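Chain residues, written in single-letter form:
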Amino acid sequence: GAMRHLPYFCRGEVVKGFGRGSKELGIPTANFSEQVVEGFPSDIPTGIYYGWACVGNGDVHKMVLSIGWNPFYKNIKKSVETHIIHTFKEDFYGEILSIVITGYIRPEKNFDSLDALISAIQEDIEEAKRQLDLPEHLKLKEDNFFHLPEGKIVNNP
Ligand code: ADP
Ligand code: MG
């Protein structure tokens, strides 16, 4: 399952997404380019994950991440989208986003309403916050990956 790919380290540019209004829902998601997405293991399960994220040389924050097809919006493309649990003053398109995925929450689901989708995401965020405070996940916040020069990506624990 998902666990054997974790922790998963990844770095890449933040690109424009599909303009489906994540920000309007209060849950902006920073999208990786197709190129970066293609670098993911093809057998990594789609679903909702959590971990740590940092924009440029900024601070490391908690994040939730979705991998795969978005059933609610019936996407035609695979996507990797990171919602950083932090309020930024400005958008950061074009910047380098570094992430480490440390845990898996759930598979993708279909939702009957926008409200149901939003409350599921709020629950995911609360679950991520709790899990990331556990020593096993917290230790990755301090990983050298977040302080290494750009380009050096090591996907081994
Ligand atoms: P898009 O469809 O272009 O991905 P979104 O509505 O998902 O648009 O918004 C994503 C953008 O919002 C990111 O690329 C980033 O520049 C900005 N942003 C601001 N705050 C956050 C945050 N906390 N987490 C992720 N992205 C954020
Ligand atoms: Mg997005």
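Okay, so let's go over this structure. No experiment lies behind these values; they were computed from the predicted model shown. (Residues numbered from 1 in each chain as written. Chains lettered and ligands numbered in written order. Predicted model: local features only at pLDDT ≥ 70, side-chain atom pairs only at ≥ 80, totals over all residues. Heavy atoms only, no water.)

Here the focus is the overall build of the protein chain. Assigned secondary structure in the protein chain consists of three helices and six strands. Along the protein chain, helices (α) and strands (β) appear in the sequence β-β-α-β-β-β-β-α-α when read from the amino end. Looking at the protein chain as a whole, 44% of its 157 residues are labelled buried. Restricting the contact set of the protein chain to residue pairs at least 6 apart, pairs at least 24 apart contribute 71%. Element-wise, carbon and sulfur atoms account for 51% of the exposed surface of the protein chain, whose accessible area totals about 8,800 Å². (Helix = DSSP H or I, 4+ residues; strand = E, 2+ residues; numbered from the N terminus. Buried < 20%, exposed > 50% of the residue type's maximum accessible area, 1.4 Å probe, protein only. Contact = heavy atoms within 4.5 Å. Areas by Shrake-Rupley, 256 points an atom, 1.4 Å probe, with all protein chains shown as cover.)

Attention now goes to the packing of aromatic side chains. Tallying each qualifying case throughout the model produces five aromatic pairs. The interplanar angle of 65° and the centroid separation of 5.1 Å between the aromatic rings of F9 and F145 together place this pair among those described as edge-to-face. Of this pair, F9 sits in strand β1 (residues 8-15) while F145 sits in the segment after α3 (135-138), and the two are 136 residues apart along the sequence. With a centroid separation of 5.4 Å and an interplanar angle of 65°, the aromatic rings of F145 and F146 are classed as edge-to-face. In textbook terms, an aromatic cluster arises when at least three aromatic residues are bridged by ring pairs, as seen for F9, F145 and F146. In this structure, R11 packs its charged tip against the face of F145, placed 4.2 Å from the ring centre. (Phe/Tyr/Trp six-rings, centres within 6.5 Å; stacked < 30°, edge-to-face > 60°. Lys NZ or Arg CZ within 6 Å of the ring centre and 35° of its normal.)

Near ligand 1 there are 19 residues, and of these G17, N31, I84, F92 and Y93 occur at the shortest range. With respect to ligand 1, the side chain of S22 contributes an N or O atom lying 3.5 Å from an oxygen atom. One of the backbone N or O atoms of T29 is found 3.0 Å from an oxygen atom in ligand 1. In the complex, the protein chains occlude 94% of the 570 Å² of accessible area that ligand 1 would expose alone. Here the shell around ligand 1 gets three residues from one element, more than from any other, and that element is strand β5 (residues 79-84). Grouping the constituent residues of the shell around ligand 1 by class yields eight nonpolar, eight polar and three charged. (Near = heavy atom within 4 Å. Polar contact = N/O pair within 3.5 Å; in protein donor to acceptor, adjacent residues only side chain to side chain. Nonpolar A, V, L, I, M, F, W, Y, C, P; charged D, E, K, R; others polar.)

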